[in-house]
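A look at the structure
Spelled out from the first residue to the last, the chains are:
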Amino acid sequence: MTASTCPHCKKSTISLKKRYLATKWRTIYCDACSGRICTQPVVLAILSFLYVWDVLLFGTLFFKTYSWVYIVALTVIWLILDYFSMYIPLASMKPLENSKTPQKKTETPEVKEN
Ligand SMILES: [Zn+2]
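Quick summary incoming for the structure in this document. These numbers were taken from a predicted model, which means no experiment stands behind them. (Residues numbered from 1 in each chain as written. Predicted model: local features only at pLDDT ≥ 70, side-chain atom pairs only at ≥ 80, totals over all residues.)

Topic: the overall build of the protein
Counting secondary structure elements, the protein contains three helices and five strands. Secondary structure elements in the protein, listed N-terminal to C-terminal, are β-β-α-β-β-α-α-β. Going through the 114 residues of the protein one by one, you find that 15% of them count as buried. The contacts of the protein with a sequence gap of at least 6 include a subset with a gap of at least 24, amounting to 55%. (Helix = DSSP H or I, 4+ residues; strand = E, 2+ residues; numbered from the N terminus. Buried ≥ 20, exposed ≤ 12 C-beta atoms within 10 Å, placed from the backbone. Contact = placed C-beta atoms within 7 Å.)

Digging into helix α2 (residues 41-65)
With 25 residues, α2 ought to run about 36 Å at 1.5 Å a step, and its terminal C-alpha atoms sit 36 Å apart, in line with that. Of the residues flanking the end of α2, it is Tyr66, one or two places downstream, whose phi is positive at about 55°. (Expected span 1.5 Å × (residues − 1).)

Some thoughts on the nonpolar core
In terms of nonpolar packing, the biggest core is built from nine residues, these being Cys6, Ile14, Ala22, Ile28, Tyr29, Cys30, Cys33, Ile37 and Leu90. When residues no more than four places from it in sequence are discounted, the contact partners of Leu90 are Ser4, Pro7, Ile14, Ala22, Ile37 and Thr39. (Core = buried A, V, L, I, M, F, W, Y, C linked by C-beta atoms within 7 Å.)

Digging into the sheet that holds strand β5 (residues 90-93)
One open sheet accounts for three strands, arranged β3-β4-β5; its pairing is antiparallel. Two strands in the sheet have a free side with no partner beyond their single neighbour: β3 (28-29) and β5. Taken together, the two bridges between β3 and strand β4 (residues 36-39) define a ladder with antiparallel strand orientation. If you follow Tyr29 over to β4, its bridge partner there is Arg36. (Pairing = 2+ DSSP bridges.)

A closer look at the pairing of β4
Residues Ile37 and Thr39 point to one face of β4 and are all buried, whereas Arg36 and Cys38, pointing to the other face, are not buried. Counting the residues that bridge the hairpin from β3 to β4 gives six residues, and of these Ser34 lies at a positive phi of roughly 50°. Taken together, the four bridges between β4 and β5 define a ladder with antiparallel strand orientation. Paired with Thr39 across the bridge in β5 is Leu90.

Remarks on the environment of Arg19
With respect to the helices, strands and loops of the structure, Arg19 is situated in helix α1 (residues 16-22). Between the C-alpha atom of Arg19 and that of Ile37, which follows or precedes it by 18 residues, the distance is 9.6 Å. Not counting residues up to four positions away in its chain, the partners in contact with Arg19 are Ser4, Ile14 and Met86.

Let's talk about unusual backbone geometry
Here Trp25, not a glycine, exhibits a phi torsion of approximately 65°, which is positive. Among the secondary structure elements, Trp25 is positioned in the loop between α1 and β3. Take Trp25: there are 12 C-beta atoms within 10 Å of it, and that puts it in the exposed class. Of note in the backbone geometry, Ser34 takes a positive phi value of approximately 50° without being a glycine. Mapping Ser34 onto the fold places it in the loop between β3 and β4.

Given below as structure tokens:
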């Protein structure tokens, strides 16, 4: 898996690290156009529910049985969910009013209006 495409400017500028942060409900910014990007929130909400289910189910089973198999299962399922979270499509967000983006505002982003 390589860099992902920015939903604003369609350039491959989103690094794997940024992409992973976006799956943890972080807002990320494109390096090229400084557009605000997040992971599709509806899909991410479902995935977050699965993380909670994973911890509750296997955490409970561990404290009932003290069998380390459940901790291993919890970790494996957590990693599988992390893996699939990287394939959730990115969504573009509107720029904030009076935003302080990490990028300088002097750069004019490419505006493509049809
Ligand atoms: Zn961009």
